[in-house]
Each structure stands twice: as C-alpha cells, then as structure tokens.
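# Structural features, examined
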Amino acid sequence: MKKRFWETMMMTLNAELALDNEKAELTLTDFDSKVIIFYDKNELTDFKHGLFLFFKDKKFKSIQSTPDHKNIPTADTMVQIIPPQTLDNDDLKQCLTNIAKGKSLPELTEVNEPSQVEMYDYLGKLLLLLEKFGFTFTQKKRTPAKAQHRWKKTLSEIEFFVDDFHSQATVIWQKRNEFLIKKGAHLRPSYSLNKDGSVGLGARMGTQLRDEQKDKIQNFITTEDIILKSVNEVGLFLYFGGTNSWLVLKDNNGQTIDEWSKVKK
C-alpha cells in the first residue's frame with residue numbers, strides 16, 4: 001500500500017551559518033527567520049526584536065520577550081529568536097513556555113487548529129536546531145507520557161457519533177487498526193487557511209484521505225462505508241482535524257472514545 005505523505009516526512013533543516021568567537025548567527029532559509037546564539041552577554045544589544053532564551057550550562061532557564069538589559073537572568077548563553085513575520089511572537093512564546101513545562105510537540109499539534117501547523121513546523125525545526133547545538137530545552141523526566149489507548153472487542157459493538165465542526169458521522173472501532181465510518185456521513189465542506197493564505201497540513205492530509213475515497217463521496221456525503229486506520233484519520237477525513245478527536249467521538253450517553261479506551265495508569 002502506498003504511504004501517505006505525512007507517513008514518510010523527515011525532519012530537515014536548511015540554514016546559513018555565520019560564526020565568530022562571541023556568537024553564532026543562523027538564518028533559517030525555509031522560514032525567513034534568524035536564531036542568534038550569544039556566548040558573551042555583552043554582545044546582546046538588540047532587545048527589541050524577537051524572543052530571548054537564557055541557558056545555564058546548556059540547560060534552559062527562562063524566556064523573555066522584552067528583557068531588561070540591566071537585569072539579564074543568570075545565564076552563560078543567550079539565544080535570540082527572530083521568527084517569521086507570519087508567526088505571532090506571543091503565540092510562539094506561549095508554545096515554548098508550554099514545551100519547557102513538559103508539554104510535547106505532538107500534544108500541542110493535536111489540540112490546536114490546522115491554521116497553527118506552520119507554527120509547529122517552525123517549532124519542530126527550532127527545537128531540532130537547539131538540540132544539535134547541545135541545548136536542553138526540557139527535562140525528559142518532566143515530560144508527561146502521551147495518553148495510551150487500547151482496542152478491545154467490546155468497542156466493536158459500540159457506535160460513536162460525531163456531530164461537530166460542520167460534520168456528522170457514526171463510527172465503529174471494529175478492529176485495532178480499523179475504524180468504520182458508516183455510509184451517510186456528512187463531511188465538513190471547507191477548511192480554514194493559514195494566516196499567510198497557505199493550505200495547512202491538516203487540510204492537505206484530510207484532502208488526500210478524501211481523494212482516496214472519492215468514488216464513495218457525493219456532495220460531501222459518503223455513499224458507502226469508509227474504512228480508516230486511526231482516530232486521527234477519522235478526524236482529518238470528516239473535519240480536517242485541528243482538535244483532539246479522541247474527545248470528539250462520543251457514544252449515545254456522551255462518553256468519549258477516549259474514556260472507553262484510555263489505558264489507566
């Protein structure tokens with residue numbers, strides 16, 4: 001079976017490097033962004049642009065958007081991030097703060113809108129860069145484990161319903177890697193664009209899933225049962241994702257598929 005494009009993606013980073021004894025300046029050519037690593041705090045003179053990360057012994061200490069040059073946090077290395085103009089500084093700071101507190105990048109991408117995909121693509125590259133330069137942004141022991149879900153035979157006897165995000169469907173988790181969407185499902189007709197007008201990752205993934213089933217769709221209504229491989233694919237197919245679909249699918253009593261299948265600690 002041919003793999004879909006998101007199943008074969010690899011993380012690559014294109015950058016230009018300028019290096020001297022006091023700092024390393026990297027231009028991320030894919031994003032029109034700069035990351036400047038200062039090894040001497042006296043070299044840090046521009047406090048008006050971007051975000052500022054402070055590290056001690058390569059371990060993350062704090063993040064600031066407008067640091068006071070007279071009261072810089074105790075640190076031996078400062079990293080100035082000048083993000084693309086299409087990204088919001090406050091959003092980026094909040095995402096980095098959440099990651100520093102232990103949130104994983106997959107957790108953040110799972111609960112946000114498709115329009116935020118560019119943000120998380122950028123974050124992924126930024127974290128990769130910091131890692132390659134030896135910086136520790138989060139402590140692994142603080143990172144919570146992602147929720148585990150387990151299929152059991154009783155789940156194949158339960159109908160779960162979607163009635164949100166301009167879509168409606170009845171779904172059965174019939175096998176471990178098989179989710180059946182019953183004939184007559186109503187698909188969300190359109191998707192939102194990113195802030196820069198581009199098509200987000202969720203929209204592209206959802207569109208590809210629909211293209212694979214186009215002979216079973218007419219006027220955004222399925223004419224036959226559809227088989228997909230995961231809850232994530234169900235969400236992408238029905239409403240282009242952008243939320244935690246484990247919390248969207250609910251039984252007749254309002255109990256989510258997450259509650260039915262989450263592995264208890």
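Structure shown above.
Notes on the structure follow. (Residues numbered from 1 in each chain as written. Predicted model: local features only at pLDDT ≥ 70, side-chain atom pairs only at ≥ 80, totals over all residues. Heavy atoms only, no water.)

## Looking at the overall build of the protein
Put simply, the test is: A run of H or I in DSSP counts as a helix once it spans at least four residues, and a run of E counts as a strand once it spans at least two, with each numbered from the N terminus. We call two residues in contact whenever any of their non-hydrogen atoms come within 4.5 Å of each other. Residue-level accessible areas treat just the shown protein chains as cover; the underlying method is Shrake-Rupley with a 1.4 Å probe.
Within the protein, the secondary structure is distributed over six helices and 12 strands. In the protein, 61% of the contacts between residues at least 6 apart in sequence involve partners at least 24 apart. Total accessible area on the protein stands at roughly 15100 Å², and carbon and sulfur atoms take up 47% of it.

## Points about the pairing of strand β9 (residues 178-181)
Put simply, the test is: Two strands are said to pair when DSSP picks up at least two bridges between them.
Pairing of strand β8 (residues 167-175) with β9, which is carried by four bridges, proceeds in the antiparallel orientation. Bridging across to β9, Trp173 finds its partner in Phe179. Both β9 and strand β12 (residues 226-228) contribute to a ladder of three bridges, which runs antiparallel. Each bridged residue has a counterpart across the sheet, and for Ile181 the counterpart in β12 is Ile226.

## Considerations on helix α1 (residues 89-100)
The condition that has to hold: Helix span is expected to be 1.5 Å times the residue number reduced by one. Whether a residue is buried, partly exposed or exposed follows from its accessible area with a 1.4 Å probe, protein chains only, as a fraction of its type maximum: under 20%, in between, or over 50%, in that order. Here a polar contact means two N or O atoms within 3.5 Å. Within protein one must be a hydrogen donor candidate and the other an acceptor candidate, and residues neighboring in sequence count only if both atoms are side-chain atoms.
Compared with the 16 Å implied by 1.5 Å per residue over 12 residues, the 16 Å span of α1 between its first and last C-alpha is a close match. Buried within α1 are the following residues: Leu92, Cys95, Leu96, Thr97, Ile99 and Ala100. The N-cap residue of α1 is Asp88: its side-chain oxygen and the backbone nitrogen of Asp90 are 3.0 Å apart.

## A short note on the sheet that holds strand β1 (residues 15-19)
This is how it is decided: For helices, the fitted line uses only the C-alpha atoms of the stretch in contact; every axis is such a line through C-alpha atoms, and the angle between N-to-C directions lies from 0 to 180 degrees.
Taken in spatial order, the six strands of this open sheet run β1-β2-β3-β6-β4-β5, and their pairing is antiparallel. The open sheet terminates on both sides in strands that have one partner only, identified here as β1 and β5 (59-64). Each strand of the sheet is rotated relative to its neighbour by a mean of 20 degrees, with strand direction disregarded. Relative to strand β6 (residues 77-82), strand β4 (residues 51-56) runs antiparallel, the two sharing five bridges. Each residue of the ladder has a partner; that of Phe55, found in β6, is Thr77.

## With respect to the packing of aromatic side chains
Our working rule: Two rings belonging to Phe, Tyr or Trp (six-membered ring only in the last case) form a pair when the distance between their centres is within 6.5 Å. Interplanar angles under 30 degrees mark stacking, angles over 60 mark edge-to-face geometry, and anything in between is tilted. Two conditions define a charge sitting above a ring: the NZ of Lys or the CZ of Arg must be within 6 Å of the ring centre, and it must be within 35 degrees of the ring normal.
Evaluation of the coordinates by the stated rule reveals seven aromatic pairs. Ring-pair connections join several aromatic residues into one group, and the members of that group are Phe55, Phe60 and Phe135. In this structure, Lys58 is placed above the aromatic ring of Phe135, and the distance from its NZ or CZ to the ring centre is 5.1 Å.

## Side note on the environment of Lys182
Within the element layout of this structure, Lys182 appears in the loop between β9 and α4 (201-212). Between the C-alpha atom of Lys182 and that of Ala169, which follows or precedes it by 13 residues, the distance is 6.9 Å. When near neighbours in sequence (up to four residues on either side) are disregarded, Lys182 contacts Glu159, Thr170, Ile172, Thr222 and Asp225.

## Concerning the sheet that holds β8
Pairing is antiparallel across the open sheet formed by four strands, whose spatial order is β7-β8-β9-β12. Strands with a single pairing partner mark the edges of an open sheet, and in this sheet they are β7 (160-164) and β12. Within the sheet, the average angular offset between the axes of one strand and its neighbour, ignoring direction, is 30 degrees. Helix α5 (residues 231-239) rests against β7, β8, β9 and β12 of the sheet, and its axis sits at about 30 degrees to β9.

## Thoughts on the nonpolar core
Generally speaking, nonpolar side chains in soluble globular proteins are found buried as a group. Under the convention used in this document: We define a nonpolar core as any set of buried Ala, Val, Leu, Ile, Met, Phe, Trp, Tyr and Cys residues linked to one another through side-chain atoms lying within 4.5 Å.
Counting residues in each nonpolar core, the largest one holds 29 residues, and the members touching the most others are Leu53, Val79, Leu96 and Phe137. Counting only elements with at least two residues in this core, the list comes to β2 (23-28), β3 (33-38), β4, β5, β6, α1 and α3 (117-132). With residues up to four places along the chain from it excluded, the contact list for Leu53 reads Phe60, Ser62, Ile63, Thr77, Met78, Val79, Ile81, Leu96, Leu130 and Phe137. Among the nonpolar cores identified, the runner-up in size contains 26 residues, and Ile158, Ala169, Phe179 and Ile257 belong to it.

Bear in mind that shape data such as this cannot, by itself, settle questions of function.
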